[in-house]
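Now for the letters of each chain:
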Amino acid sequence: DTSNGSLIISLPPDPTDSDRVAIVDISGTFDRFPVVIRPSGDTKINSSIDDWIVNIRDTHLELFYHAATSEWKFEETPGGDANPLLGTFLSCGGI
C-alpha cells in the first residue's frame, strides 16, 4: 500500500524456477508514490541488475523467475504489456 509513500520491494534472493511475484496498485497511488522493484542476490530483472520504478496508477504486474538465466521476467497480465521496454510504463535505474 503506497497511500502514505513509496515502497521498495526486494525480490526473493534465492528463488526457484517458475516462482512468481505479483504487484498490484490496489489503492491507485503508484502515480504519486511509485514502487521500486529491486532484484536481490545475483538475480536480474529483464536482464538488468538495476531497480525498476513503477509509477503508473492501477498497475498490475506479475514477474516469474527463470532459473536458467537467473532473472525475473515480466509476465503478460490482463490489461498489460508483456516484457515492458524501458521508458514505456516502467523505468529502470538506481534510486
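So, how was this worked out
Residues numbered from 1 in each chain as written. Predicted model: local features only at pLDDT ≥ 70, side-chain atom pairs only at ≥ 80, totals over all residues. Heavy atoms only, no water. Core = buried A, V, L, I, M, F, W, Y, C linked by side-chain atoms within 4.5 Å. Buried < 20%, exposed > 50% of the residue type's maximum accessible area, 1.4 Å probe, protein only. Helix = DSSP H or I, 4+ residues; strand = E, 2+ residues; numbered from the N terminus. Contact = heavy atoms within 4.5 Å. Salt bridge = Lys/Arg side-chain N within 4 Å of Asp/Glu carboxyl O.

A. Layout of the nonpolar core. Core analysis: the biggest nonpolar cluster contains 14 residues, and Leu11, Ile23, Ile37, Ile45, Leu63, Trp72 and Phe74 have the highest contact counts within it. Those elements that place two or more of their residues in this core are strand 2 (20-24), strand 3 (35-38), strand 5 (52-54), strand 6 (60-66) and strand 7 (71-75). Here the element with the most residues in this core is strand 6; it accounts for three residues. When neighbours within four sequence positions are excluded, isoleucine 37 is seen to be in contact with Ile9, Leu11, Ile23, Ile45, Asp51, Trp52, Val54, Leu61 and Leu63.

B. Structural context of the pattern of salt bridges. Overall, the coordinates contain three salt bridges when judged by the stated rule. Residue glutamate 75 is joined to arginine 20 by a salt bridge in which the shortest nitrogen-to-oxygen separation is 2.8 Å. With glutamate 75 in strand 7 and arginine 20 in strand 2, this residue pair connects regions lying 55 residues apart in the sequence. Note on glutamate 75: relative accessible area 26%, which makes it partly exposed. For arginine 57, the salt bridge goes to aspartate 58, with nearest N and O atoms at 3.7 Å.

C. Structural view of the environment of alanine 68. Its place among the elements puts alanine 68 in the loop between strand 6 and strand 7. Between the C-alpha atom of alanine 68 and that of aspartate 17, which follows or precedes it by 51 residues, the distance is 8.0 Å.

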